[in-house]
Amino acid sequence: MKIRNKILLGVAAIILLGVFLFPLWQIRMQAPQYPEGLGVNIWIHNITSVHPHNIDTINDLNHYIGMKPIEPDAVPELKIMPYIVVFISVVALIVLWLSNRTLFIGWLIMFAALASAAMIDFYLWLYDFGHNLDPDAAIKVPGMSYQPPILGSRQLLNIHVNSMPGLGGYLIILSLLIGVYILIDELRTKKTTTKKATLHRERS
Amino acid sequence: MSPLNYLKNSGVSIIILAITLIMSGCSSPKSEIGNEDAASEIYVPPGKHDEFYSFMSGGWTGNISVYGIPSGRHLYTIPVFSQTPTNGYGYTEETKALLNTSFGFVPWGDTHHIQPSKTNGDYDGRWIFINDRNTPRIARIDLKTFRTDEIIEIPNTAGQHSSAFVSSNTEYVSANTEYSIPLPKPLGSGVDVPIASYKKNFHGTISLIKVDQKTGQMDIGFQIQVPPFDYDLGRFGLGVSKDWVFYTMYNTEQAHTLLEVNASQNDKDFVLAVNWKKAEQAAADGKGQLISSPYIHNLRNPETGIAETETKEQVRVLKPSDLQGAIYYMPAPKSPHGINVSPDGEYISEGGKLSTVVPVQSFTKMTNAIQNNDTTGSIQGIPILKYESVLAYEVKDAGLGPLHVEYDGEGHGYNSDFISSEIVKWDLKTGKVLDRHPAYYSTGHLTVAGGDTRNPYGKYLIALNKITKDRYLPTGPEMFAGEQLFDISGDKMKLILDFPVEGEPHNAAEIPASLIDSGQVQYFKLSENRNPYVTRTEHDTKVVRDGKRVDVYMTAIRSHFTPDNIEGIKVGDTVYLHVTNIEQEWDIPHGFALKGMLNSGMLIMPGETRTNVWKPQSPGIYPFYCTDFCSALHQEMQGYIRVSPADSDVKLTYGTNKDL
């Protein structure tokens, strides 16, 4: 691997640890009664209120439609994900140390697979919240489900929901993009060096 | 002043009075409205906030009403001295102790003078203080919650009109006697004396109440026993005069009956000037006497939020002889009323109810007169400074019945006139009248935004009128008082708004919104609720019997109570209903109302616990419900309590969403 790419890989590994400092995702809600807005921050290890007690308020509102309360302690993924991130970061540093291109490709595939799995898992949670409703709920709108969007906006009764990556989420994307850039650069370099070698052989 | 001089001096004013009466009688107020400039000046668009809070004493409502200025919108009413069954103030176990006095539980009051707390002579937005004239008390309101947190009773005093004035750095609040009374021994000769022995046996007191700089908590520092005149109003000095406090008084005749005649005989009454710094030192030096004078101090415990009553036993009382060089009388024209100190502290102006001029004394001249011993005798050891020696000037043509003066910080004084019903603007250096504007009708206090501070905000002046009559749609014989907002930013005063206010505001204080709005408590943190009867979660709800006492630990959250079914209550029980609002969100109060409740309703703010006591009188099913429209299913927020005969064996059971 090229020195520059190894530095970039180190940067990608460190950037990834930024998810411990910033939320991965943010779901914001606007309603006529909530001019100041409500919202939750989804972290690698927790779910928190954007303004104090927003989770309590959201749970309180959601009980009318029979949605399950948001209980961070009841989400096992929040306990596992910090280890996974540290693992990805540490493996990147080992790859850097060994300077092995094949291992690097393996690391990148693993990283992309785990990130995709996290998104799918996130979607399933949102689907479950939106569809798995208490049949005794006070408010029942035929045909209505309340699944928040994973990205972008949706109107759910009186509440406008907007879902966007947080800074932590962007850091993962950036880390992944650096990995892809290194991959492309390494493959291109390999081609040129092979070509150069062939040319050299032909000349001699 | 001889009657002839009086006529001569007041001649101009009488003509003005006549003109004013003709104007108010003939010209339609329409000339004032329909003014588009005025409309845009007072217009606060939907969703926007006013520039100032105006705190108005409610007079006989016993409370404080809060308005937005310039819109005149009524924002809130703060319960202070009057029980408020709508939210439970003065009824619930948490608040009722605030209204205890040495006379017992006094459920109402007569609020007069509002004074905000100050730092370096300017408002700091922390607290406001207000007096009850009838049962001498001072209340402190916290401006983070707009709640009455403390009420202190003032002993050895009566008709406490002359209060609650605040010193430059809120070191002291002053509260004084208007109606002199006999004092217990050893201060006086006992309290059971003939009324006709007024001159011999009656006394006035000046009280200086120490304010804790951190918590705002009040304690009587000391009292000064003074001659039995009617101490009417007062103000602490500012800037150069900040170590002094000034009080007006009438009834130097010492009349005790038909005061309207008998207390209006002397040509001059007095202003009392006290150097409170020196008086404080005298008290600290142990001068005067510690007198047994039990008084009540009520404080909302900062930990639990529950008001508690404490009886204090003694006060230190100083006599004028203990305050040599620190207490003086200054003559003032006949029956002065208001007294106000200019922003720099140099000018002290009084309104004379029966005078035609506003006298303005100079603080510099006063200190010179004290140095030169420029006196004309003394009363009970209090030297009287010569009127001419301390006078800066008299404002001629100040109108008839000038009552109060405020200042705009641009070198102008403004006085209100009760009799000629107008506001008069004059130059603070010379006393030359610059402008006058009729007011509808009979202005009492007037207020300039920040008009009693070192740096008045100016811009707005409010006339607090005593007579309403035809200014609004009539509401039978009883009406709200009418206030008038003037724009005073130009050379000429402009009347821009009439707005009705509840009660009879005696005075008001305007505080910039920016000093108050950012620090507002939106709800109370449930995790910090230290009420001993708090219920933090629905799992913790319970009903506990101890003999004939039953404690109900209930929660309220949208849109149900827990428990909402209770059985096993019996006739003869005393039921303590402790309701905790477990919401943690701004502006989601829950109410609690129970059929046949003899006490009051309750309004419970998020995170708070409120307790009402209920003694069911007969068997039956008693529904209860939430009185604050909290949610779409607010109607459904209800429950039942079953009351059985005293000898019944129905078991104590309770719950929500289950059959008992």
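The structure displayed is predicted, hence computed values, not measured ones.

Conventions used here
Residues numbered from 1 in each chain as written. Chains lettered and ligands numbered in written order. Predicted model: local features only at pLDDT ≥ 70, side-chain atom pairs only at ≥ 80, totals over all residues. Heavy atoms only, no water. Helix = DSSP H or I, 4+ residues; strand = E, 2+ residues; numbered from the N terminus. Rg over C-alpha atoms; globule rule 2.2 N^0.38 Å. Buried < 20%, exposed > 50% of the residue type's maximum accessible area, 1.4 Å probe, protein only. Contact = heavy atoms within 4.5 Å. Areas by Shrake-Rupley, 256 points an atom, 1.4 Å probe, with all protein chains shown as cover. Lys, Arg positive; Asp, Glu negative; His and termini not counted. Charge placed at Lys NZ, Arg CZ, Asp CG, Glu CD. Pairing = 2+ DSSP bridges. Axes fitted to C-alpha atoms, helices over the stretch in contact; angles between N-to-C directions. Phe/Tyr/Trp six-rings, centres within 6.5 Å; stacked < 30°, edge-to-face > 60°. Buried area = accessible area lost by both parts, 1.4 Å probe. Salt bridge = Lys/Arg side-chain N within 4 Å of Asp/Glu carboxyl O. Polar contact = N/O pair within 3.5 Å; in protein donor to acceptor, adjacent residues only side chain to side chain. Nonpolar A, V, L, I, M, F, W, Y, C, P; charged D, E, K, R; others polar. pLDDT = per-residue confidence, 0-100. Parallel < 35°, antiparallel > 145°, perpendicular 65-115°, else oblique. Left-handed = near helix turned anticlockwise from the far one by under 90°. 1 Å grid on protein atoms, 1.4 Å probe; cavity = no way out; pocket = protein on both sides within 12 Å on 5 of 7 lines; lining within 4 Å. Points joined across faces, edges and corners; volume = space filled by probe spheres on them.

In terms of helices and strands, chain A carries five helices and five strands. Tracing chain A from N to C terminus, the helices and strands come up as α-β-β-β-α-α-α-β-β-α. Computed over the C-alpha atoms, the radius of gyration of chain A is 22 Å, more than 25% above the 17 Å expected from 2.2 N^0.38 for a compact globule of 204 residues. In terms of its C-alpha atoms, chain A occupies a principal-axis envelope of roughly 85 × 30 × 30 Å. Buried residues in chain A amount to 39% of all 204 residues. Sequence-distant contacts, at least 24 apart, represent 62% of the contacts inside chain A between residues at least 6 apart. With the model as given, the accessible surface of chain A reaches about 11600 Å², and the carbon-plus-sulfur share is 70%.

So, about the overall build of chain B. Each helix and strand in chain B was counted, giving seven helices and 46 strands. The C-alpha radius of gyration computed for chain B amounts to 27 Å, which stays within 12% of the reference 26 Å derived for 660 residues, consistent with globular compactness. Along the first, second and third principal axes, the C-alpha set of chain B runs to 90 × 65 × 40 Å. Within the span of chain B, comprising 660 residues, buried residues form 60% of the whole. For chain B, restricting intrachain contacts to residue pairs at least 6 apart in sequence, the fraction spanning at least 24 positions comes to 62%. Taking the average location of the 58 positive side-chain charges in chain B and that of its 77 negative ones, the two points are 3 Å from each other.

Residue and element names in this part refer to chain B. The strand order across the open sheet formed by six strands is β42-β41-β44-β45-β39-β46, and the pairing between neighbours is mixed. The outermost strands of the open sheet, each flanked by one partner alone, are β42 (602-604) and β46 (653-655). Here the average twist between neighbouring strands, direction ignored, is 25 degrees. Summarising the sheet, strand β44 (residues 620-625) and strand β45 (residues 638-644) pair through six bridges and their orientation is antiparallel. Pairing of P623 across the sheet is with Y640, part of β45.

Further remarks concern the packing of aromatic side chains. Residues and elements named next belong to chain B. Per the stated rule, a full pass over the model turns up 30 aromatic pairs over all chains. Considering the side-chain rings of F52 and Y457, the 5.8 Å spacing of their centres and the 50 degrees angle between planes classify their relative orientation as tilted. A residue pair is termed long-range when its members are at least 10 positions apart, and F52 in strand β1 (residues 52-57) and Y457 in the loop between β31 (443-448) and β32 (460-465) qualify at 405 residues. When its relative accessible area of 30% is taken as the criterion, Y457 is described as partly exposed. Between Y67 and F499, the ring centres sit 5.9 Å apart and the planes meet at 55 degrees, which makes this aromatic pair tilted. Of this pair, Y67 sits in strand β2 (residues 64-69) while F499 sits in strand β34 (residues 494-501), and the two are 432 residues apart along the sequence.

Right, let's get into helix α2 (residues 54-62) of chain A. Along α2(A), eight of the nine residues are buried, which leaves the element largely enclosed by surrounding structure. Every buried residue of α2(A) is listed here: N54(A), I55(A), T57(A), I58(A), N59(A), D60(A), L61(A) and N62(A). Close packing links the buried residues of α2(A) with β1 (25-31), β2 (34-42), β3 (47-49) and β5 (159-165) of chain A together with β37 (549-557) of chain B.

Every contact between the two is made by nine residues of chain B and, on the other side, 10 residues of chain A. A buried area of about 790 Å², summed over both sides, lies between chain B and chain A, and 47% of it is on carbon and sulfur atoms. For chain B, the biggest contributors to the area lost against chain A are R558(B), Q584(B) and E585(B); these three give 54% of the whole. Counting the contacts that link chain B with chain A gives one salt bridge. Across the salt bridge formed by D60(A) and R558(B), the nearest N and O atoms sit 3.3 Å from each other. Summed over the shared surface of chain B and chain A, the number is seven residue pairs in polar contact (both at pLDDT 80 or more). Split into classes, the residues belonging to the side of chain B that touches chain A amount to three nonpolar, three polar and three charged.

Our next topic: the environment of Y440(B). One can find Y440(B) in the loop between β30 (433-438) and β31. The spacing of Y440(B) and Q484(B) is 44 residues in sequence and 7.9 Å in space, taken between C-alpha atoms.

Residue and element names in this part refer to chain B. For chain B, mean pLDDT is 93; residues scoring 70 or higher make up 95% of the total. Throughout residues 1-31 the model reports pLDDT below 50, and contacts reaching past four residues in sequence, or to other chains, amount to 26 contacts. Across the predicted assembly, pTM comes out at 0.90 and ipTM at 0.84.

Residue and element names in this part refer to chain A. Their axes nearest at 10 Å, the elements helix α3 (residues 77-98) and helix α4 (residues 101-131) cross at an angle of 165 degrees. As judged from the angle between their axes, α3 and α4 are roughly antiparallel. Viewed along their axes, α3 and α4 form a crossing whose handedness is left-handed. The residues of α4 that touch α3, namely those facing E77, I84, F87, I88, V91, A92, V95 and L98, are L103, F104, W107, M110, F111, L114, D121 and W125. The residue inventory of the contact of α3 with α4, partitioned by class, reads 14 nonpolar, no polar and two charged.

Here we take up empty space enclosed by the protein. In this approach, a probe sized like a water molecule rolls over the atoms, and the result shows the empty space that is left. Residue and element names in this part refer to chain B. Within this structure, the stated rule accounts for two cavities of 30 Å³ or more. Counting residues per element, the ones that place at least two in the lining of the largest cavity are β6 (111-119), β31 and β35 (508-512). Its residues placed into classes, the lining of the largest cavity shows five nonpolar, four polar and three charged. Roughly 30 Å³ of volume is contained in the second largest cavity. Lining the second largest cavity are K118, V166, S167, S168, R235, F236, G237, L238 and D452.

Our next topic: the pattern of salt bridges. What the rule picks out here adds up to 34 salt bridges over all chains. A salt bridge links E608(B) to R610(B), with the nearest nitrogen and oxygen atoms 3.1 Å apart. Here E608(B) matches R610(B) in class, with each residue buried. Shared partners join several salt bridges into a network, and the residues in it are K2(A), R4(A), D185(A) and R188(A).

A few words on the environment of T311(B). Residues and elements named next belong to chain B. Turning to its location among the elements, T311 is positioned in strand β19 (residues 307-318). Sequence spacing of T311 and L473 is 162 residues, and the spatial spacing of their C-alpha atoms is 48 Å. Apart from the residues within four sequence positions on either side, T311 is in contact with P294, Y295 and I296.

Residues and elements named next belong to chain B. A cis geometry characterises the amide bond from S163 onward to A164, with omega recorded as 5 degrees. In this fold, A164 is placed in strand β10 (residues 162-166). Note the cis peptide between T562 and P563, where omega equals -5 degrees. Position of P563 relative to the elements: it lies in the loop between β38 (560-562) and β39 (565-570). The phi angle at Q380 is positive, at roughly 45 degrees, despite the residue not being glycine. Residue S442 is not a glycine yet carries a positive backbone phi of 60 degrees. Here S442 is to be found in the loop between β30 and β31. By relative accessible area, S442 is classed as buried at 10%.

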